[in-house]
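# Structural overview
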Amino acid sequence: MIICTRWQPYEKNTLRGFADLYLDKIGMTIRDCALHDKSGKEWIAFPSKPRIREGKLVIEDGRLVYDPPLISLDEAMRDKFRDAAVKAIHAKIGEPAAA
């Protein structure tokens, strides 16, 4: 089960806010997961950090490049996590999930 322990609204483009998600089966919290919504389709983005190469921030096309510290290679598992995380966030903020 995934439980949203903190919600911080922050709306910009597709971003709706940030959540801390507690994974009760393993006793771990993933902090600052981003909830996005576009045309009723919601998804979760894990927190990320700027890429550093040879001691310098990597910039491509004038923008910082970010790397996620968590990667899921299994699409079915990723979808299952997304659905549970979105449901947990909506339970925390007291509103129904997007259609």
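Predicted model only: the values in this text are computed from it and were never measured. Residues take numbers from 1 onward in each chain, read along the sequence in its written order. Given that this is a predicted model, residues contribute local features only at a pLDDT of at least 70 and side-chain atom pairs are listed and counted only at 80 or more, while totals for whole chains, interfaces and linings are drawn from all residues. As a convention, hydrogens and water are excluded, and side-chain values are obtained from all of the structure's heavy atoms.

## Section: the overall build of the protein
When you go through the protein residue by residue, the secondary structure sums to one helix and 10 strands. Put simply, DSSP H or I for four residues or longer makes a helix, DSSP E for two residues or longer makes a strand, and each gets a number counted from the N terminus. In sequence order, the protein lays out its α and β elements as β-β-β-β-β-β-β-β-β-β-α. Principal axes of the C-alpha set define a box for the protein whose edges measure 45 × 30 × 25 Å. Counting over 99 residues, the protein shows a buried share of 25%. The contacts of the protein with a sequence gap of at least 6 include a subset with a gap of at least 24, amounting to 31%. We get accessible surface area from the Shrake-Rupley algorithm with a probe of 1.4 Å; when it comes to residues, only the shown protein chains can shield them. Counting every atom, the protein has about 7,300 Å² of accessible surface; 54% of that belongs to carbon and sulfur. Under the counting rule used here, the positive set is Lys and Arg, the negative set is Asp and Glu, and His together with the chain ends is not counted. Think of each charge as sitting on NZ of Lys, CZ of Arg, CG of Asp or CD of Glu. Taking the 17 positively charged and 15 negatively charged side chains of the protein as two groups, their mean positions are separated by 2 Å. Burial here depends on accessible area, computed with a 1.4 Å probe over protein chains only, as a share of the maximum for the residue type. Under 20% is buried, over 50% is exposed, and the range in between is partly exposed. We call two residues contacting when some pair of their heavy atoms lies within 4.5 Å.

## Brief notes about the side chain of histidine 36
Residue position: histidine 36 is located in strand 3 (residues 28-38). A distance of 2.8 Å separates the side chain of histidine 36 from the side chain of threonine 14, its partner in a polar contact. For histidine 36, the residues in contact, after removing those within four places along its chain, are Thr14, Leu15, Arg16, Lys41, Glu42, Trp43 and Ala45. Whenever a nitrogen or oxygen atom comes within 3.5 Å of another N or O atom, the pair is scored as a polar contact, on the condition that within protein one atom can donate a hydrogen and the other can accept it, and that pairs from neighbouring residues in sequence are kept only if both atoms are in side chains.

## Some thoughts on the pairing of strand 3
Between any two strands, at least two bridges found by DSSP are needed for them to pair. Two strands pair when backbone bridges link them, and strand 2 (residues 15-23) and strand 3 are joined in this way by seven bridges, in the antiparallel orientation. Bridged to phenylalanine 18 within strand 3 is alanine 34. Pairing analysis gives five bridges linking strand 3 to strand 4 (residues 41-45), with the strands arranged antiparallel. Its bridge partner being in strand 4, histidine 36 is matched across the sheet by tryptophan 43. The antiparallel hairpin formed by strand 3 and strand 4 contains two residues in its connecting segment, where serine 39 sits at a positive phi of about 55 degrees.

## Overview of the environment of arginine 16
Along the polypeptide, arginine 16 turns up in strand 2. Contact partners of arginine 16, with chain neighbours within four places excluded, come to Trp7, Pro9, Tyr10, Glu11, Leu35, His36, Asp37, Glu42, His90, Ile93 and Glu95. One polar contact links arginine 16 to glutamate 42, side chain to side chain, over a distance of 3.3 Å.

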